[in-house]
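# Summary of structural features
Okay, here's what each chain looks like letter by letter:
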Amino acid sequence: MAVLKVKFTKTKRDKLAQILWILNWVSVVSGIVLFSLGLFLKIEIKKRNEVMAKGDINSVPNMLISVGVIACIINFLGGKICYDCSDANKFSRWKLVMLPYIVCTFCFTFCILVGALMCYTMRNELEESLYLGLRDAMKFYKDTDIPGRCFLKKTVDMLQIGFQCCGNNGFRDWFEIQWVSPRYLNMASKEVLDRLKSNVDGKFLVDGVPFSCCNPSSPRPCIQYQLTNNSAHYNYDLLTEELNIWGKGCREALLDHYTAIMRSIGIAALLIWLFELSVLIGVRYLQTAMKNVLLLGDLEGESDGWLLESSFVETAKYNISIIKNLGKANQISTVSGMNDPNIDVQSTNCGKTNVTIKSIPAAS
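In this text the structure is predicted, and so the values were computed from the model without any measurement.

## A short note on the overall build of the protein
Regarding its fold elements, the protein presents 9 helices and 2 strands. Mapped from its N terminus to its C terminus, the protein presents α and β elements in the order β-α-α-α-α-α-α-α-α-β-α. Going through the 364 residues of the protein one by one, you find that 37% of them count as buried.

Have a look at this one:
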């Protein structure tokens, strides 16, 4: 029994073909939108490439870009097919193409759904990439004279100012690394030498942060050094000075930024997927209705259209049997016990009877 069978008159078939022709052109626009969203996300990731570790974070934008290009091509072809389907004579040349086209379009719409879901599942990969990238960027913050690293100080400073954040997880991350370049340390100072000697690795560590961690909205001049020493500053308490420096870590700030972008892109991709699915259903109805018209031979009469010719269970069993038989295509048939064509073959005497069979005499 056909699934969701609908009866179509010639007028309904023509209207359906015209509507699908228009919708396919709208789908071309939706493909351009998907391509643009993927390109936008790729550019946004590339902007912060210096503070991200290499990984699979570009898989989502690459997926959206690819699906967007394929959408434009498939829907452009679909518009041509639907336009010709308004005429039964023109449909005959597309009859053999329609079913493969529908299968390819179904796979394509599934890719859109996968791309939409990936926007919600890449948060963990993005968080790990940001953590490792920010850690390395902060470690090389002091290397302003080394080629290939001299830009990282500006990158990190602009990042902390723009996103109102400090450090990787928080401002205390700066306490664990030497972020002051050795060229700006006074090696004649006893305080500097003592601090270098007190560290096992010979690093100059201070309980201070770069100027880019300072909050310009603070009512008092920014305190960058001895942040944890309340007695070093007048009328100062670390726990109550919330406006002095940014409290949020840059990893969290960037993660929130990209999560908001990917959430919006994911919603847009889901809406496009639903739209493409509805167009695919319409094309399936048009294909089955036009096919039945040709079978009936009455081009002006009514015809049935459906999504599946049989029930879901029967269709699934049929497709599974086809897949199983594909692996047996090159195997020798074992019907009637013929396991090997070279055995159990009866000999013939070419129509001769009473043939004397000579035997070799036994040795005496």
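## Brief notes about helix H6 (residues 152-162)
Taken together, the buried positions of H6 are occupied by Leu 152, Val 156, Asp 157, Leu 159 and Gln 160. Burial along H6 is one-sided: seen end-on, the buried residues are contained in an arc of 160 degrees. Exposed side chains of H6 directed beyond 90 degrees from the buried face belong to Lys 154, Met 158 and Gly 162. Once H6 finishes, Gln 164 follows within two positions and takes phi at roughly 50 degrees, a positive value.

## So, the nonpolar core
Core analysis: the largest hydrophobic core is formed by 77 residues, its most contacted members being Leu 126, Trp 174, Val 209, Leu 227, Val 283 and Leu 286. Every element with two or more residues in this core is listed here: helix H1 (10-47), helix H2 (59-84), helix H4 (95-121), helix H5 (123-139), H6, helix H7 (190-198) and helix H8 (250-296). Sort the elements by how many residues they give to this core and H8 lands first, with 18 residues. Not counting residues up to four positions away in its chain, the partners in contact with Val 283 are Leu 20, Cys 82, Met 98, Tyr 101 and Ile 102.

## Brief notes about the UniProt feature "transmembrane region" (unreviewed entry) in the protein
Feature annotation in UniProt places "transmembrane region" (unreviewed entry) on residues 20-40, 60-78, 98-120 and 265-286, given in this structure's numbering. Annotated as 100% helix and 0% strand, the span residues 60-78 places its first and last C-alpha atoms 26 Å apart. Its end C-alpha atoms 31 Å apart, residues 265-286 is made of 100% helix and 0% strand.

## Some remarks on a nonpolar patch on the surface
Residues Trp 21, Ile 22, Trp 25, Val 26, Phe 76 and Tyr 83 make up a contiguous nonpolar surface patch of about 610 Å² in total accessible area. Contributing elements (two or more residues each) for the nonpolar patch: H1 and H2. Positionally, Tyr 83 belongs in helix H2.

## Focus: the packing of H5 against H8
Close contact between H5 and H8 brings their axes to 10 Å; oriented N to C, the two are set at 145 degrees. The interaxial crossing formed by H5 with H8 has right-handed handedness. On H8, the residues touching Arg 123, Leu 126, Glu 127, Leu 130, Tyr 131 and Leu 134 of H5 are Cys 250, Arg 251, Leu 254, Leu 255, Asp 256, Tyr 258, Thr 259 and Met 262.

## Notes on the packing of aromatic side chains
Tallied over the full model, the rule gives 7 aromatic pairs. Ring plane angle 70 degrees and centroid distance 6.4 Å describe the contact between Tyr 141 and Trp 179, whose orientation is recorded as edge-to-face. One end of the pair, Tyr 141, is in the loop between H5 and H6; the other, Trp 179, is in the loop between H6 and H7, with 38 residues separating them in the sequence. Relative to Trp 179, the ring of Trp 174 has its centre 6.3 Å away and its plane inclined at 75 degrees; by these criteria the two rings are edge-to-face. Overall, Trp 179 belongs to the buried group, its relative accessible area being 8%. Taken together, Tyr 141, Trp 174, Trp 179 and Tyr 225 form an aromatic cluster joined through their ring pairs. Across from the ring centre of Phe 140, 3.9 Å away, lies the NZ or CZ of Arg 149, which sits over that ring. When the ring centre of Phe 204 is taken as reference, the NZ or CZ atom of Arg 195 above it lies at 5.9 Å.

## Observations regarding the packing of H2 against H4
Relative orientation of the contacting elements H2 and H4 amounts to 150 degrees, with a least axis distance of 10 Å. Accordingly, the angle class assigned to the pair H2 and H4 is roughly antiparallel. Note that H2 runs across H4; the crossing there is left-handed. Where H2 abuts H4, its residues Ser 59, Val 60, Met 63, Leu 64, Val 67, Ile 70, Ala 71, Ile 74, Asn 75, Leu 77, Gly 78 and Ile 81 lie against Met 98, Tyr 101, Cys 104, Thr 105, Phe 108, Cys 111, Ile 112, Val 114, Gly 115, Met 118 and Cys 119. Considering only residue class, the contact of H2 with H4 consists of 18 nonpolar, 5 polar and no charged.

## Section: the environment of Cys 213
With respect to the secondary-structure elements, Cys 213 resides in the loop between H7 and H8. Overall, Cys 213 belongs to the buried group, its relative accessible area being 0%. On a C-alpha basis, the gap between Cys 213 and Leu 159 in space is 9.9 Å, while along the polypeptide they are 54 residues apart. When residues no more than four places from it in sequence are discounted, the contact partners of Cys 213 are Gln 160, Cys 166, Gly 167, Trp 174, Asn 244, Ile 245 and Trp 246.

Here is what the cut-offs are and how they apply
Residues numbered from 1 in each chain as written. Predicted model: local features only at pLDDT ≥ 70, side-chain atom pairs only at ≥ 80, totals over all residues. Heavy atoms only, no water. Helix = DSSP H or I, 4+ residues; strand = E, 2+ residues; numbered from the N terminus. Buried < 20%, exposed > 50% of the residue type's maximum accessible area, 1.4 Å probe, protein only. Arc of directions from axis to C-beta. Core = buried A, V, L, I, M, F, W, Y, C linked by side-chain atoms within 4.5 Å. Contact = heavy atoms within 4.5 Å. UniProt positions renumbered as here; feature names shortened; annotations may be inferred. Patch = residues over 30% accessible without salt bridge, like charges linked within 9 Å, V, L, I, M, F, W, Y side chains within 5 Å. Areas by Shrake-Rupley, 256 points an atom, 1.4 Å probe, with all protein chains shown as cover. Salt bridge = Lys/Arg side-chain N within 4 Å of Asp/Glu carboxyl O. Axes fitted to C-alpha atoms, helices over the stretch in contact; angles between N-to-C directions. Left-handed = near helix turned anticlockwise from the far one by under 90°. Phe/Tyr/Trp six-rings, centres within 6.5 Å; stacked < 30°, edge-to-face > 60°. Lys NZ or Arg CZ within 6 Å of the ring centre and 35° of its normal. Parallel < 35°, antiparallel > 145°, perpendicular 65-115°, else oblique. Nonpolar A, V, L, I, M, F, W, Y, C, P; charged D, E, K, R; others polar.

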